[in-house]
Amino acid sequence: MAFVQLSNISVAFGDRDILSGVTLNLNSSSRTALSGSNGSGKSTLMKIIAGITQPDRGTVTSQQGIRVGYLPQDGLTYGENTLQEEADTAFTYLHRIHRKMEETAEMLQVHAEEGRKTEILLHQHHELHEALLSGGYYNRTEKIDQVLTGLGFSRKDFGMNCSSFSGGWQMRIALAKILLSSPDIILLDEPTNYLDLEARNWLEGFLKEFNGGVLVVSHDRYFLDVTVTEVIELFGGSLKRYKGNYSHYEKVRKEELKTLLEQYKRQQEEIAKLEDFINKFRYNASKASLVQSKIKYLEKLERIEIPESLKKIHFTFPQPPHSGKEVLTIKDLYKAYGPNVIFDGFSTQFTRGEKVVITGVNGAGKTTLLRIIAGVDSDYMGTVAFGTGVKTGYFSQDINRFKDQNHSILQELESIAPTHLIPHLRSMLGAFLFRGDDIYKSLAILSGGEKSRLALLELLLFPVNLLVLDEPTNHLDIHSKDILLDALKSYSGTLIFVSHDRYFIENIAERVIDLGTSGPQDYPGDYSYFLWKKEQNAGETPVESESSKAREISRGKKTHIVQKQIKNRINKLKSEELKLLEELEDLDKKY
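In short, a report on the structure.

Conventions adopted
Residues numbered from 1 in each chain as written. Predicted model: local features only at pLDDT ≥ 70, side-chain atom pairs only at ≥ 80, totals over all residues. Heavy atoms only, no water. Phe/Tyr/Trp six-rings, centres within 6.5 Å; stacked < 30°, edge-to-face > 60°. Buried < 20%, exposed > 50% of the residue type's maximum accessible area, 1.4 Å probe, protein only. Helix = DSSP H or I, 4+ residues; strand = E, 2+ residues; numbered from the N terminus. Lys NZ or Arg CZ within 6 Å of the ring centre and 35° of its normal. Pairing = 2+ DSSP bridges. Axes fitted to C-alpha atoms, helices over the stretch in contact; angles between N-to-C directions. Contact = heavy atoms within 4.5 Å.

Enumeration according to the criterion identifies 13 aromatic pairs in this entry. Their ring planes at 75 degrees and their centres at 5.0 Å tell us that Tyr523 and Phe530 sit as a pair that is edge-to-face. Looking at Tyr523, the relative accessible area reads 8%, which means it is buried. Both rings, one in Tyr527 and one in Phe530, keep their centres 5.3 Å apart while their planes meet at 45 degrees; by these two values the pair is tilted. Remark: Phe530 and Tyr527 occur in helix 17 (residues 527–539); sequence separation between them is 3 residues, near one turn of the helix. On the basis of relative accessible area, Tyr527 is assigned to the buried category, the value being 3%. Through pairs of rings, three or more aromatic residues link up here, namely Phe153, Phe165 and Trp169. We note Arg221 situated over the ring of Tyr503; from NZ or CZ to the ring centre the distance is 4.3 Å.

Structure representation (structure tokens):
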């Protein structure tokens, strides 16, 4: 069995230990998620496994001839090969075997009369041929077609030069090449960052059938749940292993962290008392030796660290202004880019308080629809009418909201935030992964992901009753996604969004508009209902589909109504609970 083994690996950046005595064994049956906060060393560990980075200390041992495929988070680009030609380079090692087999065949002709020599050459030829068969060399064209179309490329893309594709599609090419090369172990660092839902679903299926080992870093909880059987957490430079999928890991880890949090609180109390004593008697000569002993004790004290996920940060949206029940009506929308028609007679309506996800394959028009709703794109025909008192907030990663690039992150927020939120800005920045000295970074040097996170946070500072969000969870880790998800659940305005994160969609969407190949379809229910209905449609005959259409629409509407009733009931019970608690508090004060 192919394997890579790390023993006592240590890596330090300056005076900070990133990895400390890490030991890990991966083999061709591993299905492992690598967890840890941003900056904990996950990418560094992957590069060491891939042989790209050497550790400061420790050893890396692997089986001879093992092939490891590594996909970094970003930065890979390809040149003038066509997409088909570049994908075929994934079979380079098989091309070499094929050439070797041809050379062996030629030698067989030369040594045809030499018994022992012929026997050896025949054996070599057979082994090489078997290697080509097992590697899929002779059906590589079909494999290339399967993988490229699975990752979202169309067949007309196959003849295009790779240099014509954008950065996100360049990373899809890189992922396709790794999958096609059939390595013994695949290392994937955020593979879903550039994939839509359809491509993610396809990748999940591919990895389930893959014969080699998998080590993956991802901020997509659903993707991890269906692809891994164990989680290793990197925390404080050390690794700890948990059996089960990611959700199971979270449950187990939550119980463990209760104890850690109690220890952390006790230590913080002890530190506070010691520091208070030192500050109080620092200049008291009679207690000088005692003060010094406590200072040395604090310096040697091994501080307990807690993960970012335990540093609970919550925020809520400002109360949205009141709007009419009918928030937005779209009628007979027509939109085209040249000969490419995106919408032709599309009509729909959005009502107050709805949470609607827009789905569909790349190019179906999801972002275009959001841009039209947000008023960014006015080049269309048809009617887009807003209801009374509607105020819209729009987030998209390609919009630059920052006027003064010399501002720091904190200065930018302080310059625009409502006064009552200014004391909470540091906590809110922490929720969006701006921690420590990051808040003093200049806007001019921020990466694309950092700018997106800051733009999303800016949008959430102001009261609007229609939120239009295009991929709000990109560049957020799981903890930050949960914070945003909790805030959106309690948001009382109307939400229209696009997301490729299935867990996020399943936990927030109450209605689905699918921009499918057969035209937009409205599913008045949650994401589970949408998937169920699509599965039903796929198995229906056209006659059955027509005869049951009205009944299924009615079922979906009933599902949606029940969900709204449950939500309203929960809100009512919460209000009653709050009222009872206030009454109890008043009674306690009286008696």
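What follows deals with the sheet that holds strand 15 (residues 466–470). Taken in spatial order, the 6 strands of this open sheet run 14-15-16-12-17-18, and their pairing is mixed. Each edge of the open sheet carries a strand with a single partner, namely strand 14 (392–395) and strand 18 (519–523). The sheet shows a mean angle of 15 degrees between the axes of neighbouring strands, taken without regard to direction. As defined by bridge partners, strand 12 (residues 355–359) adjoins strand 17 (residues 511–516) across 4 bridges and the pair is classed as parallel. Across the sheet, residue Val357 finds its bridge partner in strand 17, namely Val512. In the packing of helix 11 (residues 366–374) onto the sheet, contacts are made with strand 12, strand 14, strand 15, strand 16 (494–498) and strand 17, and the angle to strand 15 comes to roughly 150 degrees.

Turning our attention to the environment of Glu305. In this structure, Glu305 sits in the loop between helix 10 (288–300) and strand 10 (326–337). Classification of Glu305 by relative accessible area gives exposed; the value is 53%. Here the alpha-carbon distance between Glu305 and Leu261, two residues 44 residues apart in the chain, equals 9.0 Å.

A few words now on the side chain of His98. Assignment of secondary structure puts His98 in helix 3 (residues 92–110). By relative accessible area, which is 18% here, His98 ends up buried. Those residues in contact with His98 that sit more than four places away from it in its chain are Leu132, Tyr137 and Tyr138.

Now for the pairing of strand 8 (residues 230–235). Among the 6 residues that make up strand 8, 5 are buried, leaving the element largely enclosed by the rest of the structure. Here strand 3 (residues 31–35) runs beside strand 8; their pairing, made up of 4 bridges, is parallel. If you follow Thr32 over to strand 8, its bridge partner there is Glu230. Where strand 8 meets strand 9 (residues 238–243), 6 bridges bridge the pair, whose relative direction is antiparallel. Each bridged residue has a counterpart across the sheet, and for Val231 the counterpart in strand 9 is Tyr242.

Judged by pairing direction, the sheet is antiparallel, and its 3 strands sit side by side in the order 2-1-4 without closing on themselves. Of all strands in the sheet, those with a lone pairing partner are strand 2 (16–27) and strand 4 (57–62), marking the two edges. Shown here is a sheet whose adjacent strand axes are inclined to one another by a mean of 15 degrees, direction ignored. With respect to the sheet, helix 1 (residues 42–50) is in contact with strand 1 (3–13), strand 2 and strand 4, its orientation differing from that of strand 1 by roughly 135 degrees.

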